[in-house]
Amino acid sequence: MEKKDKDQLKSPMDRRDFLRTCSAFVAGGVAVASGGLLAAKASAKEGEVFWQIDPYKCTQCGRCETDCVLTVSAVKCFHANKVCGYCDLCGGYYRPNVKELNTAAENMMCPTGAITREFVEEPYFEYTIDEDLCTGCGKCVKGCTSFGNGSLFLQIDQEKCQQCNECAIARVCPSDAIQRVSNAHAYKLKDHA
Amino acid sequence: MRKTLTILIGIIYSFQAFAVARFPKPDFTSGYQYPNIVHSAPYELFWNILDVVLLVGMMGLVVWAAYRKRSRTIILSMSLVSVLYFGFFRSGCVCSVGSIQNVVTAAVSSDYHLPWYVLLVFLLPIVFALLFGRVFCSGVCPLGALQELVNVRNFRLSRAVSATLTMIPWVYLAFTILYAATRSQFLICRLDPFIGIFRLGGDLGVMSFGIVLLVMSLFIGRPFCQFLCPYGALLSVFSALSWKKLEMTDKGCINCALCSVSCPVDAIRPPQDSKTNEERKKGVKRIILFALLLPVFTLAGSVLVGSQSDALSLAHKDVYLYEMLLRQEAQPELEEPLEVETFHALGGDMEELKAKVDGIRSDYSFYAYLVGALIGFVIGFKLLKLSLKRGRKTYEIDMARCTLCGKCFNYCPQNQSTRYTISNRKTIKNEKTIS
Amino acid sequence: MRKLYRNIAIVTTVFMLALTVMLGVSYYQMQQVSPLETGVMETLKSLNETNGENESLQQQIRELDLLSRKAYFVKEGQLKVGIYLLLGMALVLVVCLNLYYRETKNLPEKEFDPIDEWMAKSRARKYLGWAAAVVALLVIGFVGVQQLDVKGLLARFSEEGALAEVQDEGENSEMSSEGLAEKVDTLGTDSVKGEAADSAEVDDMPELKIASRAFRGNNASATSAARGIATSWNLSAKKNILWQSSIPKHGYNSPVITGRNVFITGADAKARELYCYDVWTGELKWTVKADGIAGSPSSMPKVNADTGLAASTVATNGEEVCAIFATGDVICADMEGKRLWAKNIGQPDNHYGYSSSLLMYGNTLIIQYQNNSNAQILALNTKNGNTAWSKRGNDKISWSSPIIATLGGKTALVVMGNPAIAAYNIGNGSELWRVECMSGEVGSSPTCAGGVVFGASEYAKCVAIDGATGEVLWEASDYLPECSSLAATKDLVFCATSYGMVCAYDAKTGEVKKEHDLTTPFYSSPVVVDGKVYLFSNSGKVYIFSASTFDLITSFDTGEKTFATPAFTDGMMIVRTDKSLYCVKK
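A. Quick peek at the overall build of chain C. In terms of regular secondary structure, chain C is built from five helices and 33 strands. Looking at chain C residue by residue over its 586 residues, the buried ones come to 52%. Within chain C, counting contacts between residues at least 6 apart in sequence, those at least 24 apart form 54% of the total. When the accessible surface of chain C is split by element, carbon and sulfur atoms take 56% of a total near 26200 Å².

B. View of the interface of chain C and chain A. Between chain C and chain A, the residue contacts involve 27 residues of the former and 25 residues of the latter. Linking chain C to chain A there are zero salt bridges. On the surface where chain C and chain A come into contact, there are zero residue pairs in polar contact (both at pLDDT 80 or more). Mapped onto the side of chain C that touches chain A, the elements with two or more residues apiece are helix H1 (2–32), helix H2 (39–50), helix H3 (55–105) and strand S10 (339–344) of chain C. Residue contributions to the side of chain C that touches chain A peak at nine residues, all from H3(C). Taken together, the residues of the side of chain C that touches chain A sort by class into eight nonpolar, nine polar and ten charged.

C. Expanded view of the pairing of strand S30 (residues 552–557) of chain C. Inspection of the sheet shows strand S29 (residues 541–546) of chain C paired to S30(C) by five bridges, in the antiparallel sense. Within S30(C), the residue paired with C:Phe545 across the bridge is C:Leu552.

D. The environment of B:Thr403, seen in detail. Residues and elements named next belong to chain B. Relative to the helices and strands, Thr 403 is located in the loop between strand S4 (396–397) and helix H20 (407–411). Judged by its relative accessible area of 3%, Thr 403 falls in the buried class. Linking Thr 403 and Gly 139, residues 264 residues apart in sequence, is a C-alpha distance of 8.8 Å. Residues within four places of Thr 403 in sequence aside, it is in contact with Arg 134, Cys 137, Ser 138, Arg 222 and Val 265.

E. Seen up close, helix H3 (residues 96–108) of chain B. Residue and element names in this part refer to chain B. An ideal rise of 1.5 Å per residue puts 18 Å on 13 residues; H3 measures up with 19 Å between its terminal C-alpha atoms. Burial within H3 is extensive, with eleven of its 13 residues counted as buried. Those residues of H3 not exposed but buried are Ser 96, Val 97, Gly 98, Ser 99, Ile 100, Gln 101, Asn 102, Val 103, Val 104, Thr 105 and Ala 106.

F. Layout of the sheet that holds strand S13 (residues 376–381) of chain C. Residues and elements named next belong to chain C. Taken in spatial order, the four strands line up as S11-S12-S13-S14 in an open sheet, and their pairing is antiparallel. Unpaired on one side and paired on the other, strand S11 (359–361) and strand S14 (387–392) mark the two borders of the sheet. Between one strand axis and the next, the sheet turns through 20° on average, direction left out of account. For S11 and strand S12 (residues 364–369), the ladder comprises three bridges, and the chain directions are antiparallel. Paired with Tyr 361 across the strands is Thr 364, a residue of S12.

G. Molecular detail of unusual backbone geometry. A cis amide bond links A:Glu122 with the next residue in sequence, A:Pro123, at an omega value of -5°. Among the structural elements, A:Pro123 can be located in the loop between strand S3 (115–121) and strand S4 (124–129). In the segment running from C:Asn418 into C:Pro419, the intervening peptide bond is cis, with an omega of 15°. With respect to the helices and strands, the residue C:Pro419 is situated in the loop between strand S16 (410–416) and strand S17 (420–425). Positive phi outside glycine occurs at A:Tyr86, with the angle close to 55°. Considering the arrangement of structural elements, one finds A:Tyr86 in the loop between strand S2 (75–79) and S3. Under the relative-accessibility criterion, A:Tyr86 is labelled buried at 0%. The phi angle at C:Asn219 is positive, at roughly 60°, despite the residue not being glycine. With respect to the helices, strands and loops of the structure, C:Asn219 is situated in the loop between helix H5 (180–198) and strand S1 (223–224).

H. Seen up close, the interface of chain A and chain B. At the junction of the two partners, chain A supplies 69 residues and chain B supplies 77 residues. Interface area lost by chain A to chain B is led by A:Lys82, A:Glu159 and A:Asn165, which between them contribute 13%. Among the salt bridges present, the one from B:Glu339 reaches A:Arg63, with a minimum N-O distance of 2.5 Å. Seen at the junction of chain A and chain B, the total is twelve residue pairs in polar contact (both at pLDDT 80 or more). Elements with a contribution of two residues or more to the side of chain A that touches chain B: helix H1 (2–42), strand S1 (48–53), S2, S3, S4, helix H3 (139–147) and helix H4 (168–172) of chain A. Broken down by element, the side of chain A that touches chain B gets its largest block of residues, twelve residues, from H1(A).

I. View of empty space enclosed by the protein. Inspection of every chain in the model, using the stated rule, returns 19 cavities of 30 Å³ or more. Considered as a void within the structure, the largest cavity measures approximately 180 Å³ in volume. Lining the largest cavity are 20 residues, with A:Val49, A:Gln163, A:Arg180, B:Val94 and B:Tyr117 sitting closest to its centre. Mapped onto the lining of the largest cavity, the elements with two or more residues apiece are S1 of chain A together with helix H1 (45–69) and helix H4 (116–132) of chain B. In terms of residues, the lining of the largest cavity owes the most to one element, S1(A), which gives four residues. When its residues are assigned to classes, the lining of the largest cavity shows eleven nonpolar, five polar and four charged.

Conventions used here
Residues numbered from 1 in each chain as written. Chains lettered and ligands numbered in written order. Predicted model: local features only at pLDDT ≥ 70, side-chain atom pairs only at ≥ 80, totals over all residues. Heavy atoms only, no water. Helix = DSSP H or I, 4+ residues; strand = E, 2+ residues; numbered from the N terminus. Buried < 20%, exposed > 50% of the residue type's maximum accessible area, 1.4 Å probe, protein only. Contact = heavy atoms within 4.5 Å. Areas by Shrake-Rupley, 256 points an atom, 1.4 Å probe, with all protein chains shown as cover. Salt bridge = Lys/Arg side-chain N within 4 Å of Asp/Glu carboxyl O. Polar contact = N/O pair within 3.5 Å; in protein donor to acceptor, adjacent residues only side chain to side chain. Nonpolar A, V, L, I, M, F, W, Y, C, P; charged D, E, K, R; others polar. Pairing = 2+ DSSP bridges. Expected span 1.5 Å × (residues − 1). Axes fitted to C-alpha atoms, helices over the stretch in contact; angles between N-to-C directions. Buried area = accessible area lost by both parts, 1.4 Å probe. 1 Å grid on protein atoms, 1.4 Å probe; cavity = no way out; pocket = protein on both sides within 12 Å on 5 of 7 lines; lining within 4 Å. Points joined across faces, edges and corners; volume = space filled by probe spheres on them.

Next up, the structure:
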């Protein structure tokens, strides 16, 4: 009798505890099982975790400049010297319909003056990008790909890139040129084989 | 710091087949050498390992501080470390909250790569929640830590209102899953209110929202964690079932109610008589009614959200492009959006796109029904839970809500006396001011 | 002490508010408008491009550029400082507030009033229920609105359908009453009429009502609505010859006529030029040079002597005229000879030389740019040269020219190349159908009559394709053209070969209805005019056939080698020969 009373007193707590323990085991089981399944997936491939632009897909729409989460975009113009024609009349350096080939403001393509050039020998000029000034607008790239060898191209500077979980530029890129890449292919360079 | 490692571009490489090569490679006669341009490499695995180690270490510390030491100071210093390291230094990516999306995407699509550390970042807080409650929220999550550090005072919302508002994270979670499963977008990353603050720049609208939330958290405990965070909602399920339960003191509750007033997230439940002035029969009837209504709610949610799958699918880039193309075809006089222009310029095939869009739409209709059911079920379940009566004798911590901030430890007079016996006289003064 | 903290907190808050607003505005500017590319700047720069040397304008640009550059970088620096300042102030504020509340912190705010949990729960249930109901109703309402919209859309669609039907009927009746040739030409004619009415030119000679706006006539259709063309002329005796003019630079392209203007191009190693002649006098009105174009190669590409540097015929829409050269230079000029824009679309990798002719449809310039590398069809906006669309396929190099045809009641672009004849939506380049039936080097161009597309190449076969469905109606390989293109009426398809055979296929069956062995090669294409077919041999002999029976009506020698296809307008024919341009008029 006494025992029964005790049981009755205890029973609601026991039931609750029992339910709780059961659910805890179910929850734990679910967590472990899904974790295990996903872990099998996680180890299956080489890690493609960095964002990079495929220069052959890029259309230089200009969104790289405006849509990066950084105030000054992590996208920069790169230059493949081995592809460059070293032309005097450079489509990336001068505005179209340029009248005189000098560095006057009305003739220059780059809005921030990030492209500089140096005379090599007649008639060749070497072009260099100052990445600190570059805003990734892609104007020079457009000029170079439409009128030149396409040696200028846009790339994400991996040092500046914040490695967002979802790249804000990739989300608006009209040609889907931004994809995840592995560490070994952190850059898609044009003078690379 | 990431500069430490750099990669070198080789000198002898052949031309890429794609290069346009309108102008021949110059023949330099002056012995000109091509310059070696060095691009900085992305940061190495080292940082990911450090992230995970710190995550585990800090959660361990919080557990120790909360369960053993009952010290808010340690938890607060953890918060500071978290905001500085995970927030400002690592600029917030990848965080456990956002990792939900990676995990969901990896679970539904075979070609998506889920890095091991993202999986750990997702799973570890859940494991800890199952053992000790929402340890992660306490002082490890940079979003929660930031609000915790800023908080100075608590003006609490009415309990009924906050109970209703806790449905928002579930809806948010449901839509996050929908968009991640259909590979449309990472909603959490887009709407993360504090990432802009950590990065000192970002989308202006989202950043202003973050600032508003921070100003709110001066006077309301953790508004984001309580009423928005989808990962918090997920963790609350596990922490409600946690193995260990946090207690304010070892010495037994004296029902002084100080802890309950101190709690910023309203997680401390007062003693309650299981009897109410309502008839028992009525209560039982209500429980049965809500239990029966649960599948109805689930179904209704499923149908309501599922019926919107076409509209929702516009969040996917390709579907949106397709709709824009259709609109452009119907009204060619409109100015062409950039997407449409690029689509044509790249010689995109409408039929191919249509097939793709149809695939996405069918995905959407499946997942929309699924997450709709989730929303309906959560609402139904919440209603059911709200109609359960439960009595308790003393103040108890509701582990589902508790974020282990440790405020209540300092408030509990039982703890004060412990300190009094152990350490200095300063606490005596404190105690006097209280009493 | 508390007061001090409070005051510090208040002051910090005020400063923070002000700073936040300032930073927000500045940040917005940095994000939204690139300060270096303000509207003013761009306008000034484009002004400079269109104007000649204008020192003061350039000076203005330079000053503004310097100013905006300074402003940009100063602003960038300020923003950084501002953000750190804001963070610091936030820190001060939080610390002050904490200190301010430290004393009161540990005290309960009010007398404890234990919350009646059941009450709260009941209320929460109510709230939650209401919230769920409101959201559900909102969604249902949204669905309702959408449904309404759908109804509206349906109504609109049915209206449009009815309209389209009416239009179809109108077109059908037109088709039956007048010949196909007329129908194709109405497009060009109408707009020229409008121009004539607009411009009150007080010249004794009127503008011509019938245009020939591309290679082989409007829409490159190889038919003309012109009437009263002479069937005999003599260059040396000046019989039926209105004028004859010399051409400054050589080229194989054919003349194009719109309004009072006749356009041709010519090129040599030194220059590439577009010429405009007066249709009534033969006077060379103006010349536009294709020079100073960014990306234009400095040395001329290697071309075959049979192709030359100016093989492509120009195209016009009555407002602009565009020309392309073997260098890949495209230029566009208005009717007064002012160059509107020019661009190099990439030097063609072409072992004979680029020869495909241009085509215009409204404001769209079509370029069949199929070379060894990068074969594509380009559509440019004639107003500014921007790419409207481009279409890359697996096509190989070809020398064929595009045409515009009415297929199944819709206007479409038809392009023949290796390996396919394909039809595209002219507005966006989407493919309507594609028939892979060609092979080898395709130099001939397709034609269309009665909704059927005909194409033939010496190294493949002659194919007739139903324009509406893309279904092949018949194939033949009796006689096949190499450089010359097909011309067609509803009943017959005319073909001239490089080895001297000319024939007419039955347009319905592909059976050879009539053939003539003329023993002289043909590069020029036949054109159907006023019930006759005009055809020039390379040696300069003219053959005129009946378009209904393909009987030879007359033939005579003009004495000048002719490779181009003549252009026809009211009672006149403009012929380009090896060395001159002449106009035949009764």
